[in-house]
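# Close look at the chain arrangement
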Amino acid sequence: MSQSESPSLPLENAHHRSSDDIILALKSRVIGLSTAEASTRLAEFGPNRLPAAARENVLKRFFKHFNDVLIYVLLGAAGITALLGHWLDTGVILGVVVINAFIGFIQEGKAEAALDGIRKMLSAHAQVRRDGQWTQVDAATLVPGDIVRLRSGDRVPADLRLLDATNLRIEESALTGESVPADKHNQAVAIDAGLGDRFDMAYSGTLVATGRGHGVVTATGPNTELGRINRLIAEVESLQTPLTRQMAQFSKVLSIIIVVLALLMLAIGIGLHDFPLDEVFLAAIGFAVAAIPEGLPAILTITLALGVQRMALRNAITRQLTAVETLGSVTVICSDKTGTLTKNEMTARHIITRAGNYAVSGTGYQPEGDITLNGELAKLAEHPHLHALIEVVAVANDTHIAEEDGQWKVTGEPTEGALRTLAHKADFDSTAHRRHAAIPFESLNKFMATLNSTPDGQQRILLKGAPDRLLERCRQELGVDGSVQTIDQVFWEGEINRLSSKGLRVLAAAARTVDDEKRHLEISDLDEGMIFLGLIGIIDPPRPEAVAAIKSCHTAGIRVKMITGDHAGTAEAIGIEMGLNRNSGQGGTLKVITGAEIEAASDEELQQIAQDCDIFARTSPEHKLRLVMALQARGEVVAMTGDGVNDAPALKRADVGVAMGIKGTEATKEAAAIVLADDNFSTIERAVEEGRTIYDNLKKAILFILPTNGAQGFVMLIAVVFGLTLPLTPVQILWVNMIVAITLAMALAFEPAEPGIMQRPPRKPGAPIISPLFMLRLLLVSVLIGGATIAMFEIELARDMPLDVARTMAVNTLVIAQAFYLFNARFLTACSLRLDLLFTNRAAWITTGILALLQLAFVYLPIMNRTFGTAQLELRHWLLPLLIGFAIFLLMEIEKFVMRRFA
């Protein structure tokens, strides 16, 4: 078979096949392809880049904000009022609709931009072997079969099967969720090895931390692991938020009721009272305009926008308006571990020597914390065992830590960064140690050794690395009394197992003194005389604030689940420390589900697993996506948090996706609805509280606005049914609707959280936005205010008052009654007569004052009298509406008392 022929792709199980088999299957050679072969394959397989997805055009994105049943009715009402020549009515209705669409258009984020974020992860250039020579090419021109060289700091340009690896470690956390770089080699691995266990592969978009190597390209562009995730993101459908689902249902029901009652009015007016067609038709349109809450879309948008601003002050950047409210309704939070629940900063937690077990406080690379033994501070001068061990890990260390922009960062390996931080906590100064020679860390040996002159004039070999590699080289240990004794292998193996079972990464330290003249270091120097000093347990620790936030979530009835690509033991240890075992009342252990178990489960089985278990390890992007969908299938409202590109598909599918702003990838941020500027899980808990507050305020606004429309609709309906003179004109109806919505309803957007908001369970998914009890309240207020308005109008007509005066009195009654009802609506069930709550929202008093000024202008300005058909009133005309408003306020407080007592 000619080498110039193209291979059959995609290549299956490249990680499980030998390097020779891979090269043969790719029809390649160890000296690489020729330029001609590469050109042929590039034409056949396409460039090494991810395809751009089709985007919605600007007009479509704008006009989709009109896709709402209530908006359709409003647009119909605007059209009919235009035909009837009521241009003011038409202008106001259209203005509300267009402004609402513009706000939604500007605020809405495009989750499809996640694809752009993934493309930025791709390497721009690559070192490739063509025509037998190494050369640098545009990474987009790589093809399957190319031989690519990797060096420290390189971004892997395509999926590679490694042919050679020297101390090669690759940072894959964005793809796999691993806390530390993965050691790479060129030996085939098991066919069922997960993505994080394929040590013979280098994946596109990951970063070479240390070492060097080269490999053969097995996949490019859309066929890489990144490309697979890219397709997942493109294929995932974002769900409607609970609020949009509820408002859509609410709008349909309200629209049907309004249309049915308008048709009923037409039938009654024509059939029962024989009204002229144009007159009854105008009355029916007036009813529809009265009953539709024109200001509701604007109030909803403004309430959400205010919530977005408040969340920004709490370090949460909201890309979609409804996302904050959605957080308030979540029942489950699925969180990535590395960088979200943990700091993604390795930290030494335990030190084991023959003198005792030391505890280390502090988290991350910030050099603050103490080393204690039995609760007492341990100083190096008083603890020679500790001093000997710290000397090794501090001096045989090439890593540095430094503070940049308020963040402590490591230059070098994360694990060595943890040891450097430990040395700082111990106040150990390594500058006086002069290094003469070193054996660098290699994946094959798994240790590092240095030859140093110490401040006391000795020459010492300092050795640190994997415990099993050091134990096999040490015949002696530093005993309890400080003397050198025969090593107790059983003791140390027990301690290693104990630390490992807690999910800790374990390192060991050893040392020995050598001749003063020695200046070279060989591996053979480590074969005899090494004295075992002890162990260090290292972990990527939980964020302290995240532990408290999870506890608050449990109190609020929200379950927290950890979904990570890390190992099961590490995940379980972190889960117990985070308090996830309190999700379901378990004791000290947790059941951990692995990616392999998720893979084997059917969709129905996975729904039960997702419901019952709270920790999932060794998961791939598909697993995370399936888990989110399984929970949603059970009716859960799911928030998903993460920072890696492997989290992006699940973030997009979740009811609300939350990305980390500092350490999160661009792809993750763009797929998410909310971005945390401080990478702090506790910000999510505060966002949940804010979301619940917003939902309460939206409910208050609806319960406040709808009685205005209900009362006006009731007035118009009763007038037509009983053949009465219309108490309100369409223009007066719109005046009431708009000033009440713009002034009074706006105040409810500023209401603070009600007491105990995070002690109550989440609202039930699918529950109506207005419960039957609140619907009764809405009807009661509508009848009270509408009935009072009709009564006021008829009484004034009976007293032979002019029609314009009677209508002005009716409008005043409506507006003043709504102003009093505002103070009822500020609290859904709590009593509004409490002095400690009366002044908690200054906006309520300010907007009431503005409303009073507007209503005075409505009554006394001549231009307003001409525009709205009103008349100037005497002082006595204000007293009765004020008394009616106060009476309605007291009646509604009695209703709330009855609700608290019996419901």
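As the structure is a prediction and not an experimental result, all values here were calculated from the model.

Attention now goes to the confidence of the model for the protein chain. On average, residues of the protein chain score 85 in pLDDT, and 90% of them are at 70 or above. Taken together, the stretch residues 107-122 has pLDDT below 50 and engages in 52 contacts with residues farther than four places along the chain or on a different chain. In this model, residues 584-588 is a region of pLDDT below 50 whose contacts with residues beyond four sequence positions or in other chains number 7 contacts.

Turning to the pairing of strand β17 (residues 447-453), a few remarks are in order. Within β17, 7 of the 7 residues are buried, which leaves it mostly tucked inside the rest of the structure. Taking every second residue as pointing to the same face, both faces of β17 are buried, with Phe447, Ala449, Leu451 and Ser453 on one and Met448, Thr450 and Asn452 on the other. Two elements, strand β16 (residues 434-439) and β17, share 5 bridges in a ladder whose sense is antiparallel. Across the sheet, Arg435 pairs through a bridge with Asn452, a residue of β17. The sheet contact formed by β17 and strand β18 (residues 459-465) spans 7 bridges and is antiparallel. Looking at the pairing, Met448 lines up with Lys464 of β18.

All right, on to the sheet that holds strand β28 (residues 674-676) then. The 8 strands are arranged β8-β28-β27-β26-β9-β23-β25-β24 in an open sheet whose pairing can be described as mixed. Bordering the open sheet on either side are β8 (316-318) and β24 (592-594), each of which pairs with just one other strand. Taken over all neighbouring pairs, the strand axes of this sheet differ in orientation by 20 degrees on average, direction set aside. Summarising the sheet, β8 and β28 pair through 3 bridges and their orientation is antiparallel. Directly across from Thr318, in β28, lies its bridge partner Ile674. Running at roughly 160 degrees to strand β26 (residues 638-642), helix α22 (residues 621-633) makes contact with β9 (332-335), β23 (559-563), β25 (615-617) and β26 of the sheet.

This part is about helix α32 (residues 876-902). When the terminal C-alpha atoms of α32 are compared, their 40 Å separation across 27 residues agrees well with the 39 Å that a helix rising 1.5 Å per residue should span. Considered for burial, the residues of α32 that qualify are His877, Trp878, Pro881, Ile884, Gly885, Ile888, Phe889, Met892, Glu893, Glu895, Lys896 and Met899. On its buried face, α32 sits against α27 (772-798), α28 (803-825) and α30 (842-860).

A word on a nonpolar patch on the surface. On the surface, a nonpolar cluster with roughly 520 Å² of combined accessible area is contributed by Leu891, Ile894, Phe897, Val898 and Phe902. Structurally, Val898 is set in helix α32.

The next thing to look at is the packing of α28 against α32. Closest axis-to-axis distance for the α28/α32 pair is 8 Å, and the angle between their directions is 35 degrees. Between α28 and α32 lies a crossing whose hand is right-handed. Of the residues in α32, those touching α28 at Met809, Asn812, Thr813, Ile816, Ala817, Phe820, Tyr821, Phe823 and Asn824 are His877, Trp878, Pro881, Leu882, Ile884, Gly885, Phe886, Ile888, Phe889, Met892, Glu893 and Lys896. Tallied by class, residues from the contact of α28 with α32 come to 14 nonpolar, 5 polar and 2 charged.

Turning our eyes to something else, we now look at unusual backbone geometry. With phi around 55 degrees, Asp131 is a residue other than glycine that occupies positive phi space. A positive phi angle is found at Asn374, which is not glycine, with a value near 55 degrees. Relative to the elements of secondary structure, Asn374 occurs in the loop between β12 (371-373) and β13 (376-377).

Now for the side chain of Arg473. Relative to the helices and strands, Arg473 is located in the loop between α16 (467-471) and β19 (476-478). Under the relative-accessibility criterion, Arg473 is labelled buried at 15%. In this structure the side chain of Arg473 is engaged in a polar contact, spanning 2.4 Å, whose partner is the side chain of Asp527.

This paragraph deals with the pattern of salt bridges. Two side chains carrying opposite charge are able to pair once their charged atoms lie near each other. All told, the structure shown has 35 salt bridges when counted by the stated rule. The salt bridge involving Asp21 is made with Arg17; its shortest N-O contact spans 3.0 Å. Take Asp21: its relative accessible area is 30%, and that puts it in the partly exposed class. Arg228 is paired through a salt bridge with Glu622; the nearest N and O atoms lie 1.5 Å apart. Of the two residues, Arg228 sits in helix α8 (residues 225-235) while Glu622 sits in helix α22, which places them 394 residues apart along the sequence. Among the charged side chains, a salt-bridge network with shared partners connects Arg169, Asp183 and Glu413.

Turning next to the nonpolar core. With 148 residues, the main nonpolar core has Phe250, Leu327, Val330, Phe532, Leu535, Phe681 and Phe704 as its most contacted residues. Of the residues forming this core, the biggest block, 19 residues, is contributed by helix α25 (residues 681-721). When near neighbours in sequence (up to four residues on either side) are disregarded, Leu535 contacts His350, Ile351, Ile352, Leu389, Pro467, Trp492, Glu495, Ile496, Leu499, Val506, Leu507 and Ala508.

Topologically, Leu748 is positioned in helix α26 (residues 730-748). Note: C-alpha distance between Leu748 and Ala388 (360 residues apart in sequence) is 65 Å. Leave out the neighbours within four places in its chain, and Leu748 touches Asn697, Lys700, Ala701, Phe704, Leu822, Ala825 and Arg826.

Conventions used here
- Residues numbered from 1 in each chain as written.
- Predicted model: local features only at pLDDT ≥ 70, side-chain atom pairs only at ≥ 80, totals over all residues.
- Heavy atoms only, no water.
- pLDDT = per-residue confidence, 0-100.
- Contact = heavy atoms within 4.5 Å.
- Buried < 20%, exposed > 50% of the residue type's maximum accessible area, 1.4 Å probe, protein only.
- Helix = DSSP H or I, 4+ residues; strand = E, 2+ residues; numbered from the N terminus.
- Pairing = 2+ DSSP bridges.
- Axes fitted to C-alpha atoms, helices over the stretch in contact; angles between N-to-C directions.
- Expected span 1.5 Å × (residues − 1).
- Patch = residues over 30% accessible without salt bridge, like charges linked within 9 Å, V, L, I, M, F, W, Y side chains within 5 Å.
- Areas by Shrake-Rupley, 256 points an atom, 1.4 Å probe, with all protein chains shown as cover.
- Salt bridge = Lys/Arg side-chain N within 4 Å of Asp/Glu carboxyl O.
- Left-handed = near helix turned anticlockwise from the far one by under 90°.
- Nonpolar A, V, L, I, M, F, W, Y, C, P; charged D, E, K, R; others polar.
- Polar contact = N/O pair within 3.5 Å; in protein donor to acceptor, adjacent residues only side chain to side chain.
- Core = buried A, V, L, I, M, F, W, Y, C linked by side-chain atoms within 4.5 Å.

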